[in-house]
Amino acid sequence: MPDAVDLDILRQMLPTTPYGKGVREIRQPVEFNDKAFEGMLARDPNDHDVWGIAYNGKARPERQRFTIAHELGHFILHRSQQQKFNCDKQSIHTGIDGLRAIERAADDFASNLLMPGDLLRNWISSQRIDLHVLSAIAKRFQVSFEALCIRFIKFTTQRAILVYWDNGFVKYEWRSSSAIKTRARIRRNADPQEPLPGTLAADAGVDQEWDGTEMSAAIWCPEEAPHMKLREFKHSYGARDRVLTLLLIESAEPRAWDRSWQDGDSFDSYDQFVSNGQLP
Ligand SMILES: [Zn+2]
């Protein structure tokens, strides 16, 4: 059985299932190429039993796939509420602030559909993680590397932190549940955060580090004991203005006595994203 879900078959089958009740057809997705456009789901005004999907044909194939899965999410979850869903880039992939609940739900739907948690959990628990492994899994699921990394953070039992840098500043940060429970957090040096001295993230001479470099965990996370280690990974995108940092930190006992991680830290974006977990 192939690892990647066949969205075409799913789309064709949906009207024959309870999830597509009252619908005769979801037409084959069509391209609509406009810079600000990501995707759309709409009911045919002339034939109410038919729905259609449009996507940005200029986007990368993995992103098109995510968008179509997102629109299928609107179809299943929200079509009784609206006749038309316009999903621009802001609302789907980057608009964390003010992201509407239905957009978040459609993103969650797409993540669950394209990267099934049980399969992912099996794969990531049976091997030593590095960016080669995560990239290979992304290819198997036919999703973007970044989307897979975010999903990894959600499912890993390791202490892990993922940081997305945009032009030298933190744009998003995600922490795995065990990282949160053990209060592993990055040293704050500015708002917005900049790369810390001594890290690969700060080293302009290193574009890629897919095997991971071991270092003292305290370089990144000041509350870590001096003997704790972490592995830092780095992936730079073509133009180098966007960088993904993955930190895998040695395991530690949860600090059950310390509940301050639950109190909410305005700078810690994890909680905002925990139910979202998607950014291709
Ligand atoms: Zn949407």
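Residues numbered from 1 in each chain as written. Predicted model: local features only at pLDDT ≥ 70, side-chain atom pairs only at ≥ 80, totals over all residues. Heavy atoms only, no water.

## Concerning the overall build of the protein chain
- When helices and strands are counted, the protein chain shows nine helices and ten strands.
- The buried share of the protein chain, reckoned over its 280 residues, is 51%.
- Counting only contacts in the protein chain whose residues sit at least 6 apart along the sequence, the fraction spanning at least 24 positions is 62%.
- Carbon and sulfur atoms make up 51% of the accessible area of the protein chain, which amounts to about 13500 Å² in all. (Helix = DSSP H or I, 4+ residues; strand = E, 2+ residues; numbered from the N terminus. Buried < 20%, exposed > 50% of the residue type's maximum accessible area, 1.4 Å probe, protein only. Contact = heavy atoms within 4.5 Å. Areas by Shrake-Rupley, 256 points an atom, 1.4 Å probe, with all protein chains shown as cover.)

## Let's talk about the confidence of the model for the protein chain
- Put simply, the protein chain has an average pLDDT of 87, and 85% of its residues get 70 or more.
- Residue range residues 91–95 is modelled with pLDDT below 50. Its contacts to residues more than four positions away, or to other chains, number 23 contacts. (pLDDT = per-residue confidence, 0-100.)

## A word on the coordination of the zinc ion
- Here the zinc ion is held by the protein donor atoms His70 (NE2), His74 (NE2), Cys87 (SG) and Glu103 (OE), which lie 2.0 to 2.2 Å from it.
- Each of the four donor atoms around the zinc ion contributes to a set of angles spanning 93 to 125°, which defines the coordination as tetrahedral.
- Donor residues binding the zinc ion come from one chain and are separated in sequence as H-x3-H-x12-C-x15-E. Residue His74 is located in helix H2 (residues 61–78), and its partner Cys87 is located in strand E5 (residues 84–88); the two are separated by 13 residues in the primary sequence. (Donors = N, O, S within 2.8 Å, 3.2 Å for Na, K, Ca; no water. Tetrahedral: all angles 85-135°; square planar, octahedral: opposite > 155°, others 65-115°.)

## Some details on the pattern of salt bridges
- A complete count under the given rule lists ten salt bridges for this structure.
- The residue Glu224 makes a salt bridge to Arg159 at a minimum N-O spacing of 2.8 Å. Taken together, the residues span a long stretch of sequence, with Glu224 in the loop between strand E8 (208–216) and strand E9 (229–236) and Arg159 in strand E6 (residues 159–166) at a distance of 65 residues.
- Residue Glu224 is classed as buried on the basis of its relative accessible area, which comes to 6%.
- One salt bridge connects Lys171 with Asp166, and the closest N-O pair in it is separated by 3.7 Å.
- Overall, Lys171 belongs to the partly exposed group, its relative accessible area being 39%.
- The exposure class of Asp166 is partly exposed, given its relative accessible area of 23%. (Salt bridge = Lys/Arg side-chain N within 4 Å of Asp/Glu carboxyl O.)

## Topic: the side chain of His235
- Here His235 lies in strand E9.
- For His235, a relative accessible area of 13% translates into the label buried.
- Within the local environment of His235, its side chain forms a polar contact with the side chain of Gln208, the two groups lying 2.9 Å apart.
- Engagement of the side chain of His235 in a polar contact is seen with the side chain of Trp210, the distance being 3.3 Å.
- Beyond its immediate sequence surroundings of up to four residues, His235 is in contact with Leu131, Phe145, Asp207, Gln208, Trp210, Arg242, Val243 and Leu244. (Polar contact = N/O pair within 3.5 Å; in protein donor to acceptor, adjacent residues only side chain to side chain.)

## Digging into the sheet that holds E8
- Pairing in this open sheet of five strands is antiparallel, and the strands run E7-E6-E10-E9-E8 from one edge to the other. Here the strands that pair on one side only, and so sit at the sheet edges, are strand E7 (169–175) and E8. Going from strand to strand, the sheet's axes swing by 20° on average, the running direction of each strand aside.
- Bridge count between E6 and strand E10 (residues 242–249): eight bridges; the pairing is antiparallel. Considered in E10, the bridge of Arg159 is made with Ile249.
- Set on the sheet, helix H6 (residues 131–141) makes contact with E8, E9 and E10; between it and E8 the angle comes to about 140°. (Pairing = 2+ DSSP bridges. Axes fitted to C-alpha atoms, helices over the stretch in contact; angles between N-to-C directions.)

## What to know about the pairing of strand E4 (residues 50–55)
- The buried count for E4 comes to six of six residues, which makes it a mostly enclosed element.
- Both faces of E4 are covered, namely the face carrying Val50, Gly52 and Ala54 and the face carrying Trp51, Ile53 and Tyr55.
- Where strand E1 (residues 25–26) lies against E4, two bridges are found, and the strand directions are parallel. Bridge pairing in E4 places Glu25 opposite Val50.
- Pairing between strand E2 (residues 30–31) and E4: two bridges, direction parallel. For Glu31, the partnering residue across the bridge sits in E4 and is Tyr55.
- As paired strands, strand E3 (residues 37–43) and E4 are joined by five bridges and run antiparallel to one another. Following the sheet pairing, Arg43 is matched in E4 by Trp51.
- Hairpin connection of E3 to E4: six residues between the antiparallel strands.

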